[in-house]
Amino acid sequence: MIRVLLADDQALLRAGFRMLLEAADDIEVCGEAPNGGVAVALARQHRPDVVLMDLRMPDVDGVTATSLIAGDPALAAVRVVVLTTFDDEESVFSALRAGASGFLVKDVEPDDLLRAVRVAARGEALLSPSVTRAVIEKSLAAGNRGGHRPSPVSALPPITEREREVVSLVAAGLSNDEIAARLTVSPLTAKTHVSRAMTKLGVRDRAQLVVLAYEHGLASHRDTR
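Residues numbered from 1 in each chain as written. Predicted model: local features only at pLDDT ≥ 70, side-chain atom pairs only at ≥ 80, totals over all residues. Heavy atoms only, no water.

(A) Main features of the overall build of the chain. The helix and strand tally for the chain stands at ten helices and five strands. The buried share of the chain, taken over its 225 residues, is 48%. The long-range share in the chain, meaning contacts at least 24 apart out of those at least 6 apart in sequence, stands at 70%. Surface exposure of the chain reaches about 10,600 Å², of which carbon and sulfur atoms provide 52%. (Helix = DSSP H or I, 4+ residues; strand = E, 2+ residues; numbered from the N terminus. Buried < 20%, exposed > 50% of the residue type's maximum accessible area, 1.4 Å probe, protein only. Contact = heavy atoms within 4.5 Å. Areas by Shrake-Rupley, 256 points an atom, 1.4 Å probe, with all protein chains shown as cover.)

What follows is the structure in structure tokens.
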């Protein structure tokens, strides 16, 4: 059973999500939080598989709460998926940098919401390549115009040319199977390259790998599909 924590300051929206999620046989809602502070406390109490996190909440916002959850070793298995209206790309980008595993728009279709929860629970990233590229590049461009481009937490560790290529393909939205086909290697080999790159670069999932790829110029700016 996939256990989900809902964090949103709108009670009606939480109720709608709860009704939809609990209609699925493999998903249950283990808690609801009206702000980020309560979300962090409930995450520590219930250890959910997935947190659906609103970005704009009173007291403690979703970006701060995401950072606290992602930075807590005891919650390493918890995946945060941010909910957004896409009118604040900088906050979405900040949440991804903080450790969110992806994002959903609040008017997501019911089937897409269920699929997203299942994908996140498997430890995969919820990243639409075109939307992710738009969000990240707009945020980086805004940082450049303001003279404060977001800087990586640390200098990029050395990785092999093949790992650089793999990181670029991950940033373009390719799955391990698609990367394997592109590089003419086995899916297991592709998965190994991705895992090694993530370990060397100190990221916990593919979402953070994509953000890092854009920050360090490893992402392809063309559609590689």
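(B) Quick peek at the packing of helix 7 (residues 161-171) against helix 8 (residues 176-183). Where helix 7 contacts helix 8, the axes come no closer than 10 Å and their chain directions differ by 130°. Relative to helix 8, the element helix 7 lies oblique. Crossing of helix 7 against helix 8: the hand is right-handed. Each of R162, E165, V166, L169 and V170 in helix 7 lies in contact with helix 8, whose residues at this interface are I179, R182 and L183. (Axes fitted to C-alpha atoms, helices over the stretch in contact; angles between N-to-C directions. Parallel < 35°, antiparallel > 145°, perpendicular 65-115°, else oblique. Left-handed = near helix turned anticlockwise from the far one by under 90°.)

(C) Here's a closer look at the nonpolar core. Among the nonpolar cores identified, the biggest contains 27 residues, and V51, M53, I69, V82 and L96 are the most heavily contacted of them. Of all the secondary-structure elements, those providing two or more residues to this core are strand 1 (2-7), strand 2 (27-33), helix 2 (36-46), strand 3 (50-54), helix 3 (62-70), strand 4 (79-84), helix 4 (89-98) and helix 10 (206-215). If we ignore the near neighbours within four places in the chain, the residues touching V82 are M53, L55, T66, A95, A100, G102, F103 and L104. L169, V170, A190 and A213 belong to the second largest nonpolar core, which has 24 residues in total. (Core = buried A, V, L, I, M, F, W, Y, C linked by side-chain atoms within 4.5 Å.)

(D) Representation of the pairing of strand 3. Burial within strand 3 is extensive, with five of its five residues counted as buried. The two faces of strand 3 match: V50, L52 and D54 on one face and V51 and M53 on the other face are all buried. You can see the chain leave strand 3, run along helix 3 and come back into strand 4, and the turn it takes is right-handed. (Right-handed = clockwise from strand over helix to strand, strands pointing away.)

(E) Region of the structure containing the pairing of strand 4. Taking burial as the measure, the six residues of strand 4 include six buried ones, the bulk of the element. Neither face of strand 4 is open: one carries R79, V81 and L83, the other V80, V82 and T84, and all of them are buried. With four bridges connecting them, strand 4 and strand 5 (residues 102-105) associate as parallel partners. Counted as the bridge partner of L83 is L104 from strand 5. (Pairing = 2+ DSSP bridges.)

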